[in-house]
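# Remarks on the overall topology
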Amino acid sequence: MRNIKVLQVKNTLKSLLIDASFKIPADIIDAVKSFRQLEGNTRAASILDMILENSVIAVDQRLPLCQDCGTVYVDIGLGPDVYIDSGPYPDTMQNTETTGLDYQGLSGFQVLHPRSDMQEKYQAEKYQAEKYQTGKYCFPKEEINKTVAEVYKNNYLRTSIVSDPFFARRNTGNNTPAIINVDLKKSPGLSIDVSLKGGGSENCSWLFMLNPSTEKDAIINMVLKLVKENASKACPPIIVGIGMGSTASEVLKLARKAVFRNLDMANPDKRYQALEKEILASVNKTGVGPQGLGGNTTALACNIEFAPCHMATLPFAVMFGCHSTRRASFTL
Amino acid sequence: MTIILNRINILFLLKTGTISEKIMESFAKTIVLKTPLKSCDIQKLKAGDIVSLSGRIFSARDAAHKKILSAIAEGIKLPVEIKGQTIFYLGPSPTPPGKASGSIGPTTSARMDEFTEPLLKEGLKAAIGKGARSEKTRVLFLKHGAVYFVACGGIGAYLAQKVEKIKPAAYKDLGPEAIYMLEVKDFPLIVAYDIHGGDIFKQK
């Protein structure tokens, strides 16, 4: 068993957040550089130069890469060997007989029946929450948010999250809550992926429930139309992230995963890999260019993430990532 | 290791001046302007021109625009005079101690489209943002003889070097969305909509 303390998660998260805010990932720099070589438009080339120069100034001057320090996504992958120790905190760990998920009512594959079991589940949750309040355990999700708040404050990063979407829209003042997802993964260890996404590119996100008989050309044309109409708002050269399959709610997550996929990582499926290449080539023929001001470098990459879906559906999601797509990962 | 190599590479290019020279070359035909912008300044600008702007400008984005508009509607005196003004659609990152400014950069202008007409009526001379705007807004700029500039987005640390001073000027409770007063020097901009009907997004 890999015993991972919440404090370890917090410390790792802290360095990942700082890394992501000030350093552009190497694969993105490489992509900008290679597109810079091929760019024929002078204005476009000078914008790509500025992007490269910005990446150096950000590190030297310790200023965030972009004034929009983004929404924080924290994706946690739990390997089969991981046990999160949310026990006494911070490091006054003593011998306790508790297990990480000491959830009496819901062990194993017990099937939940309505009413009586729901009642039991509710009781168990209440019991857990009470234990938490006594200070015996910390709540990892809350600790993650605390870390985000601390990093944004101490590093002079802009806080962009507002409390509620429609009425007050008051800035929460610490960029929380972060979007935290926990997933079970096959490989060992606890992986932490941090992604920062700006609001301008986030507004360029779409979900389509296509007819399963939709042809490839129709899909490509759809993406091209979205690029022509919207790319200039998402700080091109963009990364076109596409999610295909699964369900309406999940396909958007796939699209986000696609945006943040390392540009050096090729799609393992050759058919989708070819489709990615075809879409990228046509996007770069639109002439939108860096910042939408003309040129051949409209997108640095097109990534597709796919999953099985219902026979009646073809969920299709598109998300743009800006050229300053910031991410960092580590596995404990 | 790749990261380190990349950084050394760029640092080398910068130290030898290669990158900056290239950027400067492409800015050879830069038009130097000072705020407040005069009508004769704006007259000569054409879509695609590169402008180096110096002087005082104000920031405002979604929330501040909403407040300004309701103040105009209610006839309350505005915290900042709009007449002849240049507004930058911007929410800066906080200024670290010992630095002139935090990271600076444009936000998507299209979101400000619905707020633009009342400001143009008040005498707004120029707006700075990123991305194309609605056709209706482009015509409004034309009608009021105002110019729309774009700044390069996503290069906040680079643009921060062009800011000499920044401080909140109004609606401080809005945090990053407050109105900030900026003193900029040689701030790089590109003319997107000129007052002769030119549109950079349609040039290509």
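Let me begin by describing the structure that accompanies this report. Counting restarts for each chain, with residues numbered from 1 along the sequence as it is written. Chains and ligands are labelled by the order in which they are written, letters from A for the one and numbers from 1 for the other. Restriction of local features to residues with pLDDT of at least 70 applies here, the model being predicted, together with a cutoff of 80 or more for giving and counting side-chain atom pairs; totals for whole chains, interfaces and linings are based on all residues. The side-chain values count all of the structure's non-hydrogen atoms but skip hydrogen atoms and water molecules.

## Side note on the nonpolar core
Residues B:Val51, B:Leu53, B:Ile104, B:Phe149, B:Ile179, B:Leu182 and B:Phe187 are the most contacted members of the largest nonpolar core, which totals 86 residues. Among the elements that line this core, the one with the most residues is strand S7 (residues 179-193) of chain B, at eleven residues. Take the buried residues of types Ala, Val, Leu, Ile, Met, Phe, Trp, Tyr and Cys, join any two whose side-chain atoms come within 4.5 Å, and each joined set is a nonpolar core. Categorising residues by exposure relies on relative accessible area from a 1.4 Å probe, with only protein chains included: less than 20% of the type maximum marks a residue as buried, more than 50% marks it as exposed, and the intermediate range marks it as partly exposed. The helix count covers DSSP runs of H or I at least four residues long, the strand count covers runs of E at least two residues long, and both are numbered beginning at the N terminus.

## Focus on the pattern of salt bridges
The rule for a salt bridge is simple: a side-chain nitrogen of Lys or Arg has to be within 4 Å of a carboxyl oxygen of Asp or Glu. Inspection of every chain in the model, using the stated rule, returns 28 salt bridges over all chains. Here B:Asp62 makes a salt bridge to B:Arg61, at a shortest N to O gap of 3.7 Å. Here B:Arg61 falls in the buried class, since its relative accessible area comes to 13%. One connected set of salt bridges, linked through shared partners, spans A:Lys257, A:Arg261, A:Glu276 and A:Glu305.

## Observations concerning the interface of chain B and chain A
In what follows, a contact means two residues having at least one pair of non-hydrogen atoms within 4.5 Å. Facing the 54 residues of chain B at the interface are 48 residues of chain A. Once two parts are brought into contact, the accessible area they lose, counted with a 1.4 Å probe and summed over both, makes up the buried area. Interface area for chain B against chain A, summed over the two sides, is near 4,100 Å², with a carbon-plus-sulfur share of 64%. The interface formed by chain B and chain A includes zero salt bridges. Any pair of N or O atoms that falls within 3.5 Å is considered a polar contact. Within protein, one atom must be able to donate a hydrogen and the other to accept it, and sequence-neighbouring residues count only if both atoms are side-chain atoms. On the surface where chain B and chain A come into contact, there are 13 residue pairs in polar contact (both at pLDDT 80 or more). Here the element with the most residues in the side of chain B that touches chain A is helix H1 (residues 2-15) of chain B; it accounts for eight residues.

## Re the packing of aromatic side chains
Residue and element names in this part refer to chain B. Within 6.5 Å between ring centres, the rings of Phe, Tyr and Trp (the latter by its six-membered ring) count as paired, and their orientation is classed by plane angle as stacked under 30 degrees, edge-to-face over 60, tilted in between. Enumeration according to the criterion identifies eight aromatic pairs over all chains in this entry. On the numbers, 6.3 Å between centres and 80 degrees between planes, the contact of Tyr-193 with Phe-201 is edge-to-face. Like Tyr-193, the residue Phe-201 is buried in the burial classification. Ring-pair connections join several aromatic residues into one group, and the members of that group are Phe-141, Tyr-148, Tyr-193 and Phe-201.

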